[in-house]
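Observations on the three-dimensional arrangement
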Amino acid sequence: MTEDLESYLIDMDGVLVHEENALPGADDFIRRLGEAGKQFLVLTNNSIYTPRDLQARLHASGIDIPASSLWTSALATAQFLNDQRPGGSAFVVGEAGLTTALHDIGYILTDRDPDYVVIGETRTYSFEAITRAIRLIQGGARYIVTNPDATGPSPEGTLPAAGSVAALITHATRKDPYFVGKPNPLMIRAGLNTIGAHSETTAMIGDRMDTDMVAGMEAGLHTILVLSGVTDPAEMDRYPYRPNQVVQSVAHLEVGVRG
């Protein structure tokens, strides 16, 4: 028995693109979603870029997605902080994607007695900034990290990401952060609310069992694992949960139908 899917939450890296290059069939899949009138939101744990930055990068790879259809862990973090403590302040280790999102909700960015220390991705992690973050957390600032990813990709190879820096800070402060991005279902639910979608008729498409699939499952979504990213089929049996569907890539997905 098949059921229609009305909305899609789609991971970006490993599903639509690999580093700077579009994956085969990704542009056609996005086009088919539009033609079928399906709602979708592209998700990324990467907090470096603003939606407009990502829109331009995707366009350069041949995939046209409006900025309004891009949802980052930076945006989810800003929304979370706005819900928790409107008009607050934060010391930020991160790039424009994160600082812009916090400015947009009216947050003050400061290194003097902030409400929060927020750690995101950056290509230039500063020892001085990390030291300041540690001291502020020791002084009572609440500790937030945009996502738990330990590493990220680059054309030159693996890069340390927010999760690795968070582990360093945790070891120094003996305080654990609150991670906002996947696999926290909070990011998924915020994405659903952004497009007015319902979990019963929404699919989560991703390439990682430990973030995309578990987040989708815990949020009550139909989960679709694509093998165009990091997951090898043999790895799936190591997890205590399974996706609802497994396909080679989004090029092999029939829009609107559960498998």
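What you see is a predicted model, and the numbers here were worked out from it, not measured in a lab.

**What about the sheet that holds strand 12 (residues 178-179)?**
Taking strand neighbours across the sheet as the criterion, the five strands line up as 7-6-8-9-12 in an open arrangement whose pairing is parallel. Two strands bound the open sheet, and with one partner strand each, they are strand 7 (108-109) and strand 12. Bridging between strand 8 (residues 116-119) and strand 9 (residues 142-145) involves four bridges; their strand directions are parallel. Looking across to strand 9, one finds that Y116 is bridged to R142. In the packing of helix 5 (residues 127-138) onto the sheet, contacts are made with strand 6 (89-93), strand 8 and strand 9, and the angle to strand 6 comes to roughly 145°.

**Some words on the environment of G229**
On the secondary structure map, G229 appears in the loop between strand 14 (222-226) and strand 15 (245-247). Given the relative accessible area of 32%, G229 is considered partly exposed. Distance in space between the C-alpha atoms of G229 and G14 is 3.9 Å, their sequence separation being 215 residues. Discounting residues that sit within four places of it in the chain, G229 has contacts with G14 and D207.

**Topic: the pattern of salt bridges**
Overall, the coordinates contain nine salt bridges when judged by the stated rule. Residue R31 pairs with D28 through a salt bridge whose shortest N-O separation is 2.1 Å. With R31 and D28 both in helix 1 (residues 26-35) and three residues apart, this pair spans about one turn of that helix. Given the relative accessible area of 41%, R31 is considered partly exposed. Salt bridges sharing partners connect three or more residues here, namely D28, R31, R32 and E35.

**A short note on the pairing of strand 6**
Within strand 6, five of the five residues are buried, which leaves it mostly tucked inside the rest of the structure. Bridge analysis of strand 6 against strand 7 gives two bridges, and the strand direction is parallel. The partner of A90 across the bridge, within strand 7, is L109. Considered for its hand, the β-α-β crossover made up of strand 6, helix 4 (residues 96-104) and strand 7 is right-handed.

**So, the sheet that holds strand 5 (residues 70-72)**
Taking strand neighbours across the sheet as the criterion, the six strands line up as 5-4-1-13-14-15 in an open arrangement whose pairing is parallel. Each edge of the sheet is formed by a strand with only one pairing partner; in this case those strands are strand 5 and strand 15. Geometrically, the sheet is characterised by an average inter-axis angle of 25° between neighbouring strands, direction not taken into account. Here strand 1 (residues 7-11) runs beside strand 4 (residues 39-44); their pairing, made up of five bridges, is parallel. Its bridge partner lying in strand 4, L9 is registered against L41.

Scoring rules and cut-offs
Residues numbered from 1 in each chain as written. Predicted model: local features only at pLDDT ≥ 70, side-chain atom pairs only at ≥ 80, totals over all residues. Heavy atoms only, no water. Pairing = 2+ DSSP bridges. Helix = DSSP H or I, 4+ residues; strand = E, 2+ residues; numbered from the N terminus. Contact = heavy atoms within 4.5 Å. Axes fitted to C-alpha atoms, helices over the stretch in contact; angles between N-to-C directions. Buried < 20%, exposed > 50% of the residue type's maximum accessible area, 1.4 Å probe, protein only. Salt bridge = Lys/Arg side-chain N within 4 Å of Asp/Glu carboxyl O. Right-handed = clockwise from strand over helix to strand, strands pointing away.

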